[in-house]
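# Results of the structural survey
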Number of protein chains: 2
Amino acid sequence: MKRGQHHGALREALIDASLQLLDTEGVEAVTIRAVARRAGVSHAAPINHFPDLRALLTAVATRCFEHLLGAARAARDARSDAYGRLEAFVDAYIDYALAHPGRYRMMWRMDILDPEDPALDGLVEGLYGDVEEMVAALPQPTRRIDPTTVVIALSSLVHGYASMRIDRNFIPASDAITGQPRQHVMLKVALGLPID
Amino acid sequence: MKRGQHHGALREALIDASLQLLDTEGVEAVTIRAVARRAGVSHAAPINHFPDLRALLTAVATRCFEHLLGAARAARDARSDAYGRLEAFVDAYIDYALAHPGRYRMMWRMDILDPEDPALDGLVEGLYGDVEEMVAALPQPTRRIDPTTVVIALSSLVHGYASMRIDRNFIPASDAITGQPRQHVMLKVALGLPID
DNA sequence: ATTGCGATATAGACGGTGTCAATATGGCGA
DNA sequence: TCGCCATATTGACACCGTCTATATCGCAAT
């Protein structure tokens, strides 16, 4: 086990410092030098653990996706009916996005992340795979549609709604007619289910 | 009419230079200094027309929204049936996003733009208003849903699909079962229409 | 136990950035 | 024609990412 000199685990400390800056000041505040300052090391120390800023941000996004997926899967597994599992997964996803808007905004900034990174890519693929699984577990739909189209549609609905709640926070969270959370209405419509 | 000294219309020249950089090198290449260089003025000249980088980017995004809305509305108005107008609007929207990925990515980066800007905000509101109008013009739906929910859902579907086409370009553009463009399938499903 | 070496951290430098202050310059109205 | 005000320039400052050279720590082999 090779370890750094005065911390022992600088890599983790840098990711933690990045998360603090991300949560409090936004993604543009996450600079190599600011992260190094917060971790108490020199401005060039991070280069030993992350070759450049993109790699650091990718590691941070990877950790965020782990948290988000962990919370969503836990919520899903607390339910047993197929639709309830999808709904709980989506609710937990949106909760995470609203609780950590800075993180969520960064997680989909593929222009500043490394989309080729195997860890990050694996988590994103895992997310889509989860959605595909949950859709496949539903009572078979009346219409036959390419499963990829369904995954794209559901992912877009949830991501778009989360983004709007973050960036345009005056949007009411409930459907004015049904009184249900908007994401529930959108899910049922997209899946052709009764809104009740 | 007060005009600059050797250009006469530096403000427009700066926006044009920004668009060139945006199209060829991405949003991170749009810096005040690079834009000034391309416009042939000193690095501090833009400050007279835009108080800071955010203001410049907001003006560029505003121009892009004007182009996008212009194209989408023209496509819409070339059709007469209510659903065809919505479909043509959406198709033109996606065409613009795919033709100008750098612009499209920037247009929704509310963290680097000024969401309070009246011109930008007016165009975004205009976009949502157009969607709401087109939905209201459809034969009345079987289910009553908050119009705002419908606008959010349709906007999210279209934006999410455009973003995925840009950032994950391996996604096939057509639904594998129906053979229709994915956005058409998603629209029909979201509106409860037959897929034919 | 000492030595040596590789991994890790530091200090310094370079060119780039946004933004500010001071200065220069141009055109237009009085 | 003169003067003024909007506009452009120059220069400076702090911060950024990244590179190079140097120093230091800790483990392992002697």
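It should be noted that the structure appears before, not after, this text.
Quick summary incoming for the structure in this document. Because the structure is predicted, anything quoted here is derived from the model rather than measured.

## Things to note about the relation of the copies chain A and chain B
For these two chain copies, the linking operation is a rotation about an axis paired with a shift along it. Turning chain A through 180° and shifting it by 0.0 Å along the axis lays it on chain B, with an RMSD of 0.1 Å. The transformation just described matches what one would write down for a two-fold rotation axis. With an isologous cut-off of 70% or more, the 97% of interface residues of chain A that recur at the interface of chain B puts this contact in the isologous class.

## Regarding the packing of aromatic side chains
This structure, assessed with the given rule, holds four aromatic pairs over all chains. For the ring pair Phe65 of chain A and Trp108 of chain A, a centre distance of 5.4 Å and an interplane angle of 85° mean the geometry is edge-to-face. In this pair, Phe65 of chain A is assigned in helix 3 (residues 53–77) and Trp108 of chain A in the loop between helix 5 (101–107) and helix 6 (118–136), connecting sequence segments 43 residues apart. Ring plane angle 85° and centroid distance 5.7 Å describe the contact between Tyr93 of chain B and Tyr104 of chain B, whose orientation is recorded as edge-to-face. Of this pair, Tyr93 of chain B sits in helix 4 (residues 82–99) while Tyr104 of chain B sits in helix 5 (residues 101–107), placing them 11 residues apart in sequence. With respect to burial, Tyr93 of chain B and Tyr104 of chain B carry one shared label: buried.

## Here's the deal with the pattern of salt bridges
Scanning the model with the defined rule gives 28 salt bridges over all chains in all. Among the salt bridges present, the one from Arg73 of chain B reaches Asp130 of chain B, with a minimum N-O distance of 2.6 Å. Here the residue Arg73 of chain B occupies a position in helix 3 (residues 53–77), and Asp130 of chain B occupies one in helix 6 (residues 118–136), the gap between them amounting to 57 residues. The class of Arg73 of chain B is partly exposed, set by a relative accessible area of 28%. Its relative accessible area of 7% is what places Asp130 of chain B among the buried residues. One salt-bridge network, held together by shared partners, links Arg73, Arg76, Asp77, Arg85 and Asp130 of chain A.

Each value, and the rule that gives it
- Residues numbered from 1 in each chain as written.
- Chains lettered and ligands numbered in written order.
- Predicted model: local features only at pLDDT ≥ 70, side-chain atom pairs only at ≥ 80, totals over all residues.
- Heavy atoms only, no water.
- Least-squares fit on C-alpha atoms with pLDDT ≥ 70 in both.
- Contact = heavy atoms within 4.5 Å.
- Phe/Tyr/Trp six-rings, centres within 6.5 Å; stacked < 30°, edge-to-face > 60°.
- Helix = DSSP H or I, 4+ residues; strand = E, 2+ residues; numbered from the N terminus.
- Buried < 20%, exposed > 50% of the residue type's maximum accessible area, 1.4 Å probe, protein only.
- Salt bridge = Lys/Arg side-chain N within 4 Å of Asp/Glu carboxyl O.

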